[in-house]
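# Overview (structure and organization)
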Amino acid sequence: MTATANRLMSALTPEAVRTYPRIDQAGAERLARHWRTAYPAMRTILDTVIVAQRGAEPPTVDLPRLERVRRELGQVDRNTHRVCTRSEPFFSPTTAGWLVRDVIDITHIGHPQASAIYRLAADLADLAVQDLPPGVESTDKEGL
């Protein structure tokens, strides 16, 4: 298998997802399955946009941000992402959700894997809501 093919295969396991304390085994398995479906598409989208934008004068996207997103997505996938340099690696649905959102920002709605990416984003959003402190509203004042 080539290095490119290896990079496009997901390594995220339910056990890695379970490092997040507020998820049960069934939820971890579902999230890992959705991640494994969406991750290759997200990497391909990022790789394609980054390569195209490196040749663009001027670039139409924030290229350093997309390179950071690609690097951190890989870290989340390999369960090596650290929220802080002093913390142990663990799965953070909030961090993963922000990264997936950055991919969604550059993904055409008609992309063949867009539904898999949006499905993953929805799962991550459902988990991230659990991190809100009690009494904090999850919507803005307009109810959006």
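### Quick notes on helix α5 (residues 93–105)
- In this model, α5 (13 residues) spans 18 Å end to end at C-alpha, consistent with the 18 Å of a helix rising 1.5 Å per residue.
- Listed in full, the buried residues belonging to α5 are P93, T95, A96, L99, V100, D102, V103 and I104.
- Check the buried side of α5 and you find it contacts α3 (25–54), α4 (63–78) and α6 (114–129).

### Some details on the pattern of salt bridges
- Counted by the stated rule, this structure contains 6 salt bridges.
- In this structure, the salt-bridge partner of R54 is E67, at a minimum N-O distance of 2.7 Å. Residue R54 is located in helix α3, and its partner E67 is located in helix α4; the two are separated by 13 residues in the primary sequence.
- Salt-bridge contacts for D102 lead to R65; the nearest nitrogen and oxygen are separated by 3.8 Å. Highlighted residues: D102 in helix α5 and R65 in helix α4, separated in sequence by 37 residues.
- On the accessibility criterion, D102 (8% relative accessible area) is buried.
- For R65, a relative accessible area of 26% puts it in the partly exposed group.
- Residues joined by salt bridges that share partners form a network here, namely R65, R68, E72 and D102.

### Describing unusual backbone geometry
- The omega torsion of the bond from E57 to P58 falls at -10 degrees, within 30 degrees of zero and hence cis.
- Tracing the backbone shows P58 in the loop between α3 and α4.
- Unlike most non-glycine residues, N79 shows phi in positive territory, near 60 degrees.
- Relative to the helices and strands, N79 is located in the loop between α4 and α5.

Criteria and thresholds
- Residues numbered from 1 in each chain as written.
- Predicted model: local features only at pLDDT ≥ 70, side-chain atom pairs only at ≥ 80, totals over all residues.
- Heavy atoms only, no water.
- Helix = DSSP H or I, 4+ residues; strand = E, 2+ residues; numbered from the N terminus.
- Expected span 1.5 Å × (residues − 1).
- Buried < 20%, exposed > 50% of the residue type's maximum accessible area, 1.4 Å probe, protein only.
- Contact = heavy atoms within 4.5 Å.
- Salt bridge = Lys/Arg side-chain N within 4 Å of Asp/Glu carboxyl O.

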